Amino acid sequence: MRYNRLVRICARPYFLAGGDSEDLIQEGMLGLLNAIREYLPERGTSFRTYAEACIRNRIRSAVRAAARDKHTPLNHYVSFETSLLDGNTDSYHCSFPHQPLQNPEDMVISREERRERLWTLKGQLSGLEAEILELYLRGYSYGEIAEQVDRSPKAVDNAVQRIRRKVARQFSSGDLS
């Protein structure tokens, strides 16, 4: 319980595709458990430092694994059995909405569109906001970003909120050019 707050702090900057923040916190707790099992005090580091490294590594691994879409075929399979409720053989098991698998061409186009949106967004940001966005996307905490840009954590938080508003405006207006 003593390190629960540390796990939450480490998980906050990350986003898990197909999951929520509690999933990341759970991954962080597994990293903490690993730190408890593997910690050797004779190595000369404090437990908190070692635990934080283990937690962050576990969370990053979970985010990378989710981004690989390794389990997409398993998660979006078509049931060969008829539905017990409506007899429709074309429905997905457990009433998942129909989400067709993308072909490689669509995936490449999607990645290019994301890059273009990010580039467009960076053109709308101030220099400080662009620098903060870059560090935020790399997974740094507000405190770490504040140290690197020589600002207060509150100034970093304000910049992140401005970035979020600009992103929301960009997507709501449909302006992706």
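Numbering of residues starts from 1 in each chain and follows the order in which that chain's sequence is written. Local features in this predicted model are restricted to residues whose pLDDT is 70 or higher, and side-chain atom pairs enter the listing and the counts only when it is 80 or higher, whereas totals over whole chains, interfaces and linings include all residues. The basis for every side-chain value is the complete set of heavy atoms in the structure, and neither hydrogens nor water enter the calculation.

## Concerning the packing of helix H2 (residues 21-38) against helix H3 (residues 47-67)
The convention used is that axes are lines fitted to C-alpha atoms, helices contributing only their stretch in contact, and that angles between N-to-C directions extend from 0 to 180 degrees. The way it works is that DSSP assigns letters per residue, a run of H or I at least four long becomes a helix, a run of E at least two long becomes a strand, and they are numbered from the N terminus. Here H2 crosses H3 at 135°, and the two axes come no closer than 8 Å. Of the possible angle classes, the one that applies to H2 and H3 is oblique. At the point where H2 passes H3, the crossing takes the right-handed sense. For the pair formed by H2 and H3, the contact residues are Leu24, Glu27, Gly28, Leu30, Gly31, Leu32, Ala35, Ile36 and Glu38 on the first element and Phe47, Tyr50, Ala51, Cys54, Ile55, Arg58, Ile59, Ala62 and Val63 on the second. Split into classes, the residues belonging to the contact of H2 with H3 amount to 13 nonpolar, two polar and three charged. For classification purposes, angles smaller than 35 degrees are called roughly parallel, those larger than 145 roughly antiparallel, those between 65 and 115 roughly perpendicular, and all remaining angles oblique. Crossings are assigned a handedness: left-handed for a near helix turned anticlockwise from the far helix by less than a right angle, right-handed for a clockwise turn. For this analysis, residues touch if any pair of their heavy atoms sits within 4.5 Å. Throughout this entry, Asp, Glu, Lys and Arg are counted as charged residues, while Ala, Val, Leu, Ile, Met, Phe, Trp, Tyr, Cys and Pro are counted as nonpolar. The remaining residues, Gly among them, count as polar.

## Considerations on the environment of lysine 122
Assignment of secondary structure puts lysine 122 in helix H5 (residues 104-124). The cut-offs for exposure are 20% and 50% of the maximum accessible area for each residue type, with area from a 1.4 Å probe on protein chains only; residues under the lower value are buried, those over the upper are exposed, and the others partly exposed. The exposure class of lysine 122 is partly exposed, given its relative accessible area of 29%. Those residues in contact with lysine 122, other than ones at most four positions away along the chain, are Leu133 and Glu134.

## Observations regarding helix H6 (residues 127-137)
Buried within H6 are the following residues: Glu129, Ile132, Leu133, Leu135 and Tyr136. Down the axis of H6, the buried side of the element spans an arc of 165°, and every buried residue falls inside it. More than 90 degrees from the buried face of H6, the exposed residues found are Gly127 and Leu137. Among the residues trailing H6, glycine 139 stands out with phi positive, at a value near 95°. By arc we mean the arc of the directions from the helix axis to the C-beta atoms, nothing more.

## Overview of the packing of aromatic side chains
Note on ring pairs: Phe, Tyr and Trp rings are taken, using the six-membered ring of Trp, and paired if centres are within 6.5 Å. Classes follow the plane angle, with under 30 degrees stacked, over 60 edge-to-face and the rest tilted. According to the stated counting rule, one finds four aromatic pairs in the structure shown. Ring geometry for tyrosine 39 and tyrosine 50: centres 5.9 Å apart, planes at 50°, overall tilted. One end of the pair, tyrosine 39, is in the loop between H2 and H3; the other, tyrosine 50, is in helix H3, with 11 residues separating them in the sequence. Here tyrosine 136 and tyrosine 142 contribute two aromatic rings whose centre-to-centre distance is 6.2 Å and whose plane-to-plane angle is 45°, an arrangement assigned as tilted. Relative accessible area serves as the criterion here: at 14%, tyrosine 142 is assigned to the buried category. Taken together, the aromatic side chains of Tyr3, Tyr39, Phe47 and Tyr50 make up a single cluster linked through ring pairs. Only lysine NZ and arginine CZ atoms are considered, and such an atom sits over a ring when it is within 6 Å of the ring centre and within 35 degrees of the ring normal. Sitting over the face of the ring of tyrosine 142, arginine 12 holds its NZ or CZ atom 5.0 Å from the ring centroid.

## Structural notes on the pattern of salt bridges
In the sections that follow, a salt bridge refers to a side-chain nitrogen of Lys or Arg positioned within 4 Å of a carboxyl oxygen of Asp or Glu. Enumeration according to the criterion identifies nine salt bridges in this entry. Glutamate 22 serves as the salt-bridge partner of arginine 8, at 3.7 Å between the closest nitrogen and oxygen. With a gap of 14 residues between them, arginine 8 in helix H1 (residues 4-11) and glutamate 22 in helix H2 connect regions that are remote in the sequence. With a relative accessible area of 39%, arginine 8 lands in the partly exposed category. Overall, glutamate 22 belongs to the partly exposed group, its relative accessible area being 45%.

## Considering the nonpolar core
If you look at the biggest cluster of nonpolar residues, it comprises 16 residues, and the most contacted ones within it are Leu24, Leu32, Phe47, Ile55 and Ile59. Of all the elements in the fold, those that place two or more residues in this core are H1, H2 and H3. The element best represented in this core is H3, accounting for five residues. Nine residue types can take part in a nonpolar core, namely buried Ala, Val, Leu, Ile, Met, Phe, Trp, Tyr and Cys, and a core is a set of them joined through side-chain atoms within 4.5 Å. The next biggest cluster of nonpolar side chains, apart from the first, holds 14 residues, and it includes Leu125, Tyr136, Val160 and Ile163.

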